[in-house]
Amino acid sequence: MTPKTSTIIWTKIDEGPALATYSLLPVIQAFTKGTGVSVETWDISLAGRIKAAFPEKLADGQKMPDYLAKMGEWVLTPEANIIKLPNISASIPQLKEAIKELQAHGYDVPDYPETPSNDAEKAIQARYAKVLGSAVNPVLRQGNSDRRSPLSVKAFMKKHPPRNYPWPPDSKAHVAHMSGGDFYENEKSVTIKQPTTVRFEFVGADGKATVLKENLKLLEGEILDSTVMNVRSLRKFYEEQIEDAKKQGVLLSLHLKGTMMKVSDPIMFGHAVTVFFKSVFEKHTAALKQAGVNPNMGLGDLYKKIESLPEAKRAEIEADIQEVYKVRPALAMVDSDKGITNLHAPNDVIVDASMPVVVREAGKMWGWDGKQHETKAIIPDRCYATAYKEIVEDCRKNGALDAATIGSVPNVGLMAQQAEEYGSHDKTFTAQGNGKIRIVDASGATLLEQKVEQGDIFRACQVKDIPIRDWVKLAVKRARATGAVAVFWLDRNRAHDTQLIAKVEKYLKDHDTKGLDIRILPPVEAMKLSLARIRQGQDTISVTGNVLRDYLTDLFPILEIGTSARMLSIVPLLAGGGLFETGAGGSAPKHVQQFVKEGYLRWDSLGEFTAFVASLEHIAGTSSNEKVRILAETLDQAVGKFLDNNKSPARKVGQIDNRGSHFYLAMYWAQALAAQAKDKELAARFAKVAKQLEENEAKINEELLGAQRKPMDIGGYYDPDNAKASKAMRPSGTLNAIIDGIA
């Protein structure tokens, strides 16, 4: 009897993991052929999202479905099964680069209007707003997150531990955050008692109300927050930290989340730019305005914009920028050779990717001279900065974490239905004057109100009751399954967390927690406990909100196993389906640059391997398809052998890269399928494949390695040519013939 076909969607995305897909997906599709599994690709890349946003601008052959919208509908069904690879959370500079590339490829998509001057431009900007930042994750993440290092990966990395550099006891490296006026201090929160609809209003000093947003529906039991970043306090804080960094002789670095927090954090970034280069912006106010400079887009954009000015004025501005560097502290560098600083673009230094590296490298970042120096890491808001401050202080006191002996900090994250700050984009506003911003319900009652000064950043977010219940349930389930201590990272002194703690304490009573150690601690204390336990080789489950989920599932994996790309992230969707995420893509741009330059791709697909195992296991657990169960079991065995034989991409050109790692996974998977005795048809089919791969191992490696050390033409960075990219990523004719010949 032919099993019912189950569909798995493999997301087409961007950069390193997108290139890897050209090599890995043919293997996946060939091995699942005839087993009742269909693996399809849906394009949710940045370029794909831009194309889908402007169908009327494209020729018939250029148009594509809005796959993100389709996926948003599918995750609400029990059949959903998605392999979600890391995608670009686009900043405005990235968006503009992608638009330019698409236009060069013949797509008549409009330019992005930074400052719309008419209704048509406002409409274009509104369409692009749906492409910017965290456009994908809020749509797909209709469930909470269970993220952890696979046991096989953790065991392998203990044998081959990544290096965490020793901390000198007199290190000057430290984290600096605000002490007042930030989002943490100003947060207010309320639990909605009955369904209602609210509007957001700015009320000026004259009492006139301006509607900022209306018709936001809220459900019973939903938590609603509002808060504000006082810009006057923020700028004063920046100036103090700049002066202190100069005094201490350390690098100055700023760590924000200009991608996921695509509205608030670029504004905070822009204030850092204008404070650091205060003399330049004050002296050249008129010229910079004439050039259309937006400090929120960074120094790199400034350099591009002032090219439109008369040569003498451009040269004067550039000279004045150089004078600033002589009197200000040295900035952390993104690329020392090219002179790209921490303040060049809001998406170059992203806190969840940058701070783990600071910790791993003993509080150091790269300086102008191409050497590492201790840094002052500025994370303005205290909501999450204190956790980073604690781990830096712990390492200064107790030394680096030893990856060969430490335990793990897996995570259960509250992220379903755009939970918390990652769902705040459409409720973030810059105060247009002095006054207040309030949230008013359908009855006319004011639910929350914030006093604001002109330029202040107002932000509101929400979290629904059903995701909270599911989050608590998942935390208990993981604590029971592992026997590890589970800690809810919640701060009773924070307004939002106070509301959340009340629900956690209530819903824990719905579960059998006998024999479990479940605690509620503020982030600083939770970090202290987790560090103390992992130094003793013990595991501690972090049960966190959406932002800390994101931060901690980069921080601890990078320190434990060298990269978050090897993490397993399972999202049991509320409707019964499954979303399987494959790790972080923070280093993906560098991987593409290296591949184009010298034909070597360092991207590690181990996250894709383990996610696909979980995806197959999900199908096996919800159907009677035994072939899929065998595929999952044998792929898991293949991953173990892959790790034992160290077939991940190496560090140097001329050695195994991403493509070679896919060959070995295919060979080990075929061997495992051939050796199993539960399904004779599968064993016979893959015995032939395994034999072919084994006999041609040397030839395939020669062909794969022979494709390195030469430039690669993939036809584009954001919108690669499929034929060119496939040719570049599948250079072994021998391997291709074997894989494509699987019947």
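Above this text sits the structure in question.
What this report covers is the structure whose coordinates are included nearby. Residue numbers restart at each chain and count upward from 1, following the sequence in its written direction. Since the coordinates come from a predicted model, pLDDT governs what is reported: local features require at least 70, and pairs of side-chain atoms require 80 or more to be given and counted, while whole-chain, interface and lining totals use all residues. As a rule here, side-chain values come from all non-hydrogen atoms in the structure, and water together with hydrogens is ignored.

### A short note on the overall build of the chain
Under the DSSP-based scheme used, a helix requires at least four consecutive residues in state H or I and a strand at least two consecutive residues in state E, with every element numbered from the N terminus. When helices and strands are tallied, the chain shows 28 helices and 24 strands. In this description the radius of gyration comes from C-alpha coordinates, and the expected globular size is given by 2.2 Å times residues to the power 0.38. What you see for the chain is a C-alpha radius of gyration of 26 Å, in line with the 27 Å of a compact globule of 743 residues. Projected onto its principal axes, the C-alpha positions of the chain cover 80 × 65 × 60 Å. Relative accessibility thresholds used throughout: buried, under 20% of the residue-type maximum; exposed, over 50%; partly exposed, between the two (1.4 Å probe, protein chains only). Counting over 743 residues, the chain shows a buried share of 60%.

### Observations concerning the packing of aromatic side chains
Working definition: an aromatic ring pair is given by the centre-to-centre distance plus the angle between the planes. Between rings of Phe, Tyr and Trp, where Trp is taken as its six-membered ring, a pair exists when centres lie within 6.5 Å; planes separated by under 30 degrees are stacked, by over 60 edge-to-face, and by other angles tilted. Per the counting criterion, the structure on display carries 21 aromatic pairs. On the basis of an interplanar angle of 85° and a centroid distance of 5.6 Å, the ring pair of Phe277 and Tyr325 is categorised as edge-to-face. Taken together, the residues Phe277 in the loop between α10 (264-276) and α11 (278-283) and Tyr325 in helix α14 (residues 311-327) connect sequence positions 48 residues apart. Taken as a pair, Phe277 and Tyr325 share a single burial class, namely buried. Considering the side-chain rings of Tyr325 and Trp368, the 5.0 Å spacing of their centres and the 70° angle between planes classify their relative orientation as edge-to-face. Placement of the pair is Tyr325 in helix α14 and Trp368 in the loop between β13 (364-366) and β14 (372-378), with a sequence separation of 43 residues.

### Focus: the pattern of salt bridges
Definition used for salt bridges: Asp or Glu carboxyl oxygen within 4 Å of a side-chain nitrogen of Lys or Arg. Counted under the stated rule, the structure contains 49 salt bridges. Between Asp146 and Arg148 there is a salt bridge; the shortest N-O distance is 2.4 Å. Considered together, Asp146 and Arg148 belong to a single accessibility category, that of buried residues. Notably, a salt bridge pairs Arg438 with Glu201, separated by 2.7 Å at the nearest N-O pair.

### Description of the sheet that holds strand β17 (residues 435-440)
Pairing is antiparallel in the open sheet, where four strands are placed in the order β8-β7-β17-β18. Each end of this open sheet is capped by a strand with a single partner; those strands are β8 (209-218) and β18 (446-452). Sheet twist, expressed as the mean angle between neighbouring strand axes with direction ignored, is 15°. One requirement defines pairing of two strands: DSSP has to find at least two bridges between them. A fitted line through C-alpha atoms represents every axis, and for helices the fit uses only the stretch in contact; the resulting angles, taken between N-to-C directions, go from 0 to 180 degrees.

### Topic: the nonpolar core
General note: in soluble globular proteins, nonpolar side chains tend to be found buried as a group. Nonpolar cores were defined as sets of buried Ala, Val, Leu, Ile, Met, Phe, Trp, Tyr and Cys residues, with membership established by side-chain atoms within 4.5 Å. Counting 79 residues, the largest nonpolar core has Trp10, Phe31, Phe612, Leu616, Trp669 and Leu693 as the members making the most contacts within it. Contact definition: two residues touch when any of their heavy atoms are within 4.5 Å. Those residues within four positions of Leu693 in sequence are excluded, and the remaining contacts are Phe663, Ala666, Met667, Ala670, Ile700, Leu735 and Ile738. If you look at the next biggest cluster of nonpolar residues, it comprises 43 residues, including Trp167, Ala332, Ala377 and Cys383.

### A word on empty space enclosed by the protein
Method remark: on a 1 Å grid restricted to protein atoms, a set of points is classed as a cavity if a 1.4 Å probe fits but cannot get out and as a pocket if it is open with protein on both sides within 12 Å along at least five of seven lines; lining residues have an atom within 4 Å of a point. Grid points are joined across faces, edges and corners, and a volume is the space filled by probe spheres set on the points. What the rule picks out here adds up to six cavities of 30 Å³ or more. The space that makes up the largest cavity amounts to roughly 190 Å³. Residue lining of the largest cavity: 17 residues in total, with Asp265, Asp381, Tyr384, Arg459 and Tyr551 positioned closest to the centre. Contributing elements (two or more residues each) for the lining of the largest cavity: α10, α16 (382-398) and α20 (546-561).

### Brief notes about helix α7 (residues 151-159)
Think of an α-helix as 3.6 residues a turn; residues three or four steps apart then line up on the same face. Taken residue by residue, α7 has Val153, Lys154, Phe156 and Met157 as its buried positions. Across the axial projection of α7, the buried residues extend over an arc of 165°, all falling on one side. In α7, the exposed positions that point more than 90 degrees away from the buried face belong to Leu151 and Lys159. Elements that come into contact with the buried residues of α7 comprise α20, α22 (606-622) and α23 (626-644). The reported arc concerns the directions from the helix axis to the C-beta atoms and nothing else.

### Describing the layout of surface pockets
Computed from the structure, the second largest pocket encloses a volume of approximately 1300 Å³. Considering the residues around the second largest pocket, the lining is formed by 46 residues, among which Ala129, Lys130, Leu132, Lys262 and Val263 are closest to the centre. Of all elements in the fold, only α2 (46-53), α3 (67-74), α4 (92-104), α5 (119-129), α6 (137-140), α10 and β16 (428-430) reach the threshold of two or more residues within the lining of the second largest pocket. Residue classes in the lining of the second largest pocket are distributed as 25 nonpolar, 13 polar and eight charged. Classification convention: Asp, Glu, Lys, Arg as charged; Ala, Val, Leu, Ile, Met, Phe, Trp, Tyr, Cys, Pro as nonpolar; all other residues, Gly among them, as polar.

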